[in-house]
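Spelled out, the chains give:
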Amino acid sequence: MGALVWLLIPLLAAVGAGLWGSWANRTRKVRSDGPELDGYARFREAMEKSRSGG
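Enquirer: In this structure, what is going on with the overall build of the protein? I would like to understand it.
Expert: For the protein, the count of helices and strands is 2 helices and 0 strands. Counting all 54 residues of the protein, 0% fall into the buried class. Surface summary for the protein: the accessible area is close to 5200 Å², and the carbon and sulfur share equals 67%.

Structure (structure tokens):
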């Protein structure tokens, strides 16, 4: 019986990790990469200007 209790611990940990992962990922669909990609585009433009001007 003690061995079954020890086997339940990893099982409960895996179920808990799955629930936490699905909860943590629920807002990822709402967020987009728009602002980050816009900032990266501005960075690239600035780097190209400094390269061609110097």
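From this point on, the discussion continues.
Enquirer: How should I be thinking about a nonpolar patch on the surface in this particular structure?
Expert: Together, L8, L11, L12, V15 and L19 give the surface a local cluster of nonpolar side chains, amounting to about 490 Å² of exposed area. Counting through the fold element by element, L19 comes out in helix α1 (residues 2-24).

Procedures and definitions
- Residues numbered from 1 in each chain as written.
- Predicted model: local features only at pLDDT ≥ 70, side-chain atom pairs only at ≥ 80, totals over all residues.
- Heavy atoms only, no water.
- Helix = DSSP H or I, 4+ residues; strand = E, 2+ residues; numbered from the N terminus.
- Buried < 20%, exposed > 50% of the residue type's maximum accessible area, 1.4 Å probe, protein only.
- Areas by Shrake-Rupley, 256 points an atom, 1.4 Å probe, with all protein chains shown as cover.
- Patch = residues over 30% accessible without salt bridge, like charges linked within 9 Å, V, L, I, M, F, W, Y side chains within 5 Å.
- Salt bridge = Lys/Arg side-chain N within 4 Å of Asp/Glu carboxyl O.

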